Amino acid sequence: MQKILLVCLGNICRSPVGEGISLHLIREYHLEQRFWVDSAGTAGYHIDESPDPRTIANAHKNGVDLSALRARQIKPEDLDYFDNIYVMDRSNYNDVVAMTKTKEQVRKVEFLLNLIEPGKNLPVPDPYYGQEKDFENVFQLVNSACRKMLSLPVAGDERQHIKPI
Ligand code: 4NP
């Protein structure tokens, strides 16, 4: 079982989209024995809150229900428990790496979009002060990366195949 944590700043816009898409795909492709996916924020501003209403509405439009998710803050134990910690941007990366105590923990931290654009350290742009198109952009970027994360085919990527369960 690969345990994966998705991390953004507030855990109400970007990382819950990743968690919701991943849980949706895990159910759809019966991957429950292979992946455990959770999300958290580096900040504690929104603990126990639902995702941002704009995030919920955009995900719903794309067929993903985020309404049951609640925000939480990343904690030191997460750095041991999870195998991979995917962050949305440089600021998240620096904040998570600042919490690490070992080189093994540092090695777990990676930019989410490096799954689809290796080595570029591209950000998933924060949509909090943006508009609907910015939430849609987050959904599409995170969707492609999470499909790759779960070894599922990504649109336009002929090299990806569904692995047998
Ligand atoms: P997220 O977006 O990190 O994708 O959840 C944000 C959520 C809240 C805030 C900033 C970004 N905030 O400043 O409260």
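Residues numbered from 1 in each chain as written. Predicted model: local features only at pLDDT ≥ 70, side-chain atom pairs only at ≥ 80, totals over all residues. Heavy atoms only, no water.

### Things to note about the overall build of the protein
Now for step 1: Check the secondary structure of the protein and you find six helices and four strands.
Now for step 2: Along the chain direction, N to C, the helices and strands of the protein fall in the order β-α-β-α-α-β-α-α-β-α.
Now for step 3: Relative to the globule expectation of 15 Å for 165 residues, the C-alpha radius of gyration of the protein, 15 Å, shows essentially globular dimensions.
Now for step 4: Residues classed as buried in the protein amount to 48% of the 165 residues present.
Now for step 5: Within the protein, counting contacts between residues at least 6 apart in sequence, those at least 24 apart form 71% of the total.
Now for step 6: Each charge class in the protein can be summarised by its mean position, and for the 20 positive and 23 negative side chains these summaries are 5 Å apart. (Helix = DSSP H or I, 4+ residues; strand = E, 2+ residues; numbered from the N terminus. Rg over C-alpha atoms; globule rule 2.2 N^0.38 Å. Buried < 20%, exposed > 50% of the residue type's maximum accessible area, 1.4 Å probe, protein only. Contact = heavy atoms within 4.5 Å. Lys, Arg positive; Asp, Glu negative; His and termini not counted. Charge placed at Lys NZ, Arg CZ, Asp CG, Glu CD.)

### As for the pattern of salt bridges
Now for step 1: For the structure shown, the criterion picks out nine salt bridges.
Now for step 2: A salt bridge links Arg14 to Asp89; its shortest N-O distance comes to 3.0 Å. Taken together, the residues Arg14 in helix α1 (residues 14-28) and Asp89 in the loop between β3 (84-87) and α4 (90-99) connect sequence positions 75 residues apart.
Now for step 3: When the shortest N-O distance is used, the salt bridge between Lys61 and Glu136 registers 3.3 Å. On the criterion of sequence distance, the pair formed by Lys61 in helix α2 (residues 53-61) and Glu136 in helix α6 (residues 132-149) is long-range, its members being 75 residues apart.
Now for step 4: Overall, Lys61 belongs to the exposed group, its relative accessible area being 54%.
Now for step 5: One network of salt bridges, in which partners are shared, links Asp38, Arg72, Lys75 and Asp78. (Salt bridge = Lys/Arg side-chain N within 4 Å of Asp/Glu carboxyl O.)

### Section: the packing of α2 against α6
Now for step 1: Here α2 crosses α6 at 60°, and the two axes come no closer than 10 Å. What the angle tells us is that α2 and α6 run oblique. Crossing handedness for the pair α2 and α6: right-handed. Of the residues in α6, those touching α2 at Arg54, Thr55, Asn58, Ala59 and Lys61 are Glu132, Phe135, Glu136 and Phe139.
Now for step 2: Split by residue class, the contact of α2 with α6 holds three nonpolar, two polar and four charged. (Axes fitted to C-alpha atoms, helices over the stretch in contact; angles between N-to-C directions. Parallel < 35°, antiparallel > 145°, perpendicular 65-115°, else oblique. Left-handed = near helix turned anticlockwise from the far one by under 90°. Nonpolar A, V, L, I, M, F, W, Y, C, P; charged D, E, K, R; others polar.)

### Focus: a nonpolar patch on the surface
Now for step 1: Together, Met1, Trp36 and Tyr81 line one region of the surface with nonpolar side chains, adding up to about 370 Å² of accessible area.
Now for step 2: Position of Tyr81 among the secondary structure elements: in helix α3 (residues 78-81). (Patch = residues over 30% accessible without salt bridge, like charges linked within 9 Å, V, L, I, M, F, W, Y side chains within 5 Å. Areas by Shrake-Rupley, 256 points an atom, 1.4 Å probe, with all protein chains shown as cover.)

Note that every value here comes from positions in space, so none of it alone points to a role or purpose.
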